[in-house]
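# Working through the structure, step by step
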Amino acid sequence: MKSRPDLKSDEHFMRLAIQEAVKALGRTAPNPVVGAVIVKNKKVISKGYHHAAGLPHAEIEALLKVILGFRLQPSAFSPQPCPLAGCTLYVTLEPCSSYGKTPPCTQALLAAGITRVVYGATDPDKRHRGRAQRLLKKRGVAVTEGILEEECAALNAHWNHRTTTGMPWVIAKAGLSLDGHIDSPPHRRWISSAKSRKEAMRLRASVEAILVGGGTVRTDNPSLTIRDIRIAKDHPQPWRVLWSRSEKIPVKSKLLTDAHRDRTLVFNGMTLRKVLQELGKRGISSLLIEGGGHTLGEAFRRKLVDEVRFFIAPVIQGGNIPAVSAFISPAHLTDVTHTKIGSDVMISARVDLCDSKRLSEN
């Protein structure tokens, strides 16, 4: 990006827009998180963010705060210029330019008289990418794109992935012994430590859906709820996804009978890839696969995993169930970090899908 005299100022106000966006993290699915700031004469006059799907977009919320405040002033009944004339709007994501549940934000910006629009990340959908810039410039609005682009794009990494691939970002999670097994030893329910289990709960709270295989349901009868950590009262329970090759699922399973049963999706007789595609169509952008070993093995074998979170306990126990069962081609990892959690070590990494594909073809 070429240096400009106002670049420092643009980055300052874009950081404020990012601060607005993060207020809604985890609450806007299937929409992205977006923040907006309106500036006039280098002073912020309004802020806004997208609260939830179906509610006003960030740009609209920021505009309304100015317009409604303007109309409520007694002086507003006398002729005077619109308070948005000469304003710059900063927004973390390219303004929408097509009809969805709400009208296009580009139309609202034009109608409001915004003079300049600055956005961080470009819409990843090729049908819309760059369209806002063309529409706004055609009507005389100055447009600057790519300000703090990486930071803005990172706000919606999972949403970006679903938008471009049609499937959610997949995180493979397992708690396993040092010798690679996930079945608990006799007289011990858990392999990983209490601190690791709390971290796993935070991981659950960060995704939109959690998937397990039918074998895990039949053996462990999990609830897949968020427990033992603090979350906002309005934080949604992630979708619970049950994938089974057969229809032999106990009718009294917690996933089918507890208070969150309406947040359970059951897929029988479908390939795992097809299940992910169906979840993508439902607007689910992030998925945690918790097992068991066969399900994780299938996910790796079909190259469906994007990220890994393995909690390794300092115990050698033998066992019958490996963390990843069935033959797979090597999955090479990048951006690997090792974090000590209690007595365990958490391995976090991205899966190098390009490298895995190359190896499988050799």
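With that out of the way, let us pick up the packing of aromatic side chains. For the coordinates displayed, the defined rule picks out one aromatic pair. Residues Phe13 and Tyr90 carry aromatic rings whose centres are separated by 5.3 Å and whose planes lie at 40° to one another, so their mutual orientation is tilted. Of the two residues, Phe13 sits in helix H1 (residues 7-21) while Tyr90 sits in strand E3 (residues 88-93), which places them 77 residues apart along the sequence. Over the face of the ring belonging to Trp239 we find Arg263, whose NZ or CZ atom lies 4.1 Å from the ring centre.

The gaps of empty space that remain are located by a probe, the size of a water molecule, rolled over the atoms. Volume-wise, the largest pocket comes out at about 1,300 Å³. Forming the walls of the largest pocket are 45 residues, and the residues nearest its centre are Trp190, Thr216, Asp220, Pro222 and Glu290. Elements with a minimum of two residues in the lining of the largest pocket: strand E6 (169-177), helix H7 (194-205), strand E7 (209-213), helix H8 (214-220), strand E8 (239-244), strand E10 (286-291) and helix H11 (293-301). Among the elements that line the lining of the largest pocket, the one with the most residues is H7, at seven residues. Grouping the constituent residues of the lining of the largest pocket by class yields 14 nonpolar, 18 polar and 13 charged. There is about 960 Å³ of room inside the second largest pocket. Around the second largest pocket, the lining comprises 37 residues; the ones closest to its centre are Gly26, Ser206, Val207, Glu208 and Ser286. Counting only elements with at least two residues in the lining of the second largest pocket, the list comes to helix H6 (157-165), E6 and strand E11 (307-313). Per-element accounting of the lining of the second largest pocket gives the leading share, three residues, to H6. When its residues are assigned to classes, the lining of the second largest pocket shows 19 nonpolar, eleven polar and seven charged.

The rules behind the values
Residues numbered from 1 in each chain as written. Predicted model: local features only at pLDDT ≥ 70, side-chain atom pairs only at ≥ 80, totals over all residues. Heavy atoms only, no water. Phe/Tyr/Trp six-rings, centres within 6.5 Å; stacked < 30°, edge-to-face > 60°. Helix = DSSP H or I, 4+ residues; strand = E, 2+ residues; numbered from the N terminus. Lys NZ or Arg CZ within 6 Å of the ring centre and 35° of its normal. 1 Å grid on protein atoms, 1.4 Å probe; cavity = no way out; pocket = protein on both sides within 12 Å on 5 of 7 lines; lining within 4 Å. Points joined across faces, edges and corners; volume = space filled by probe spheres on them. Nonpolar A, V, L, I, M, F, W, Y, C, P; charged D, E, K, R; others polar.

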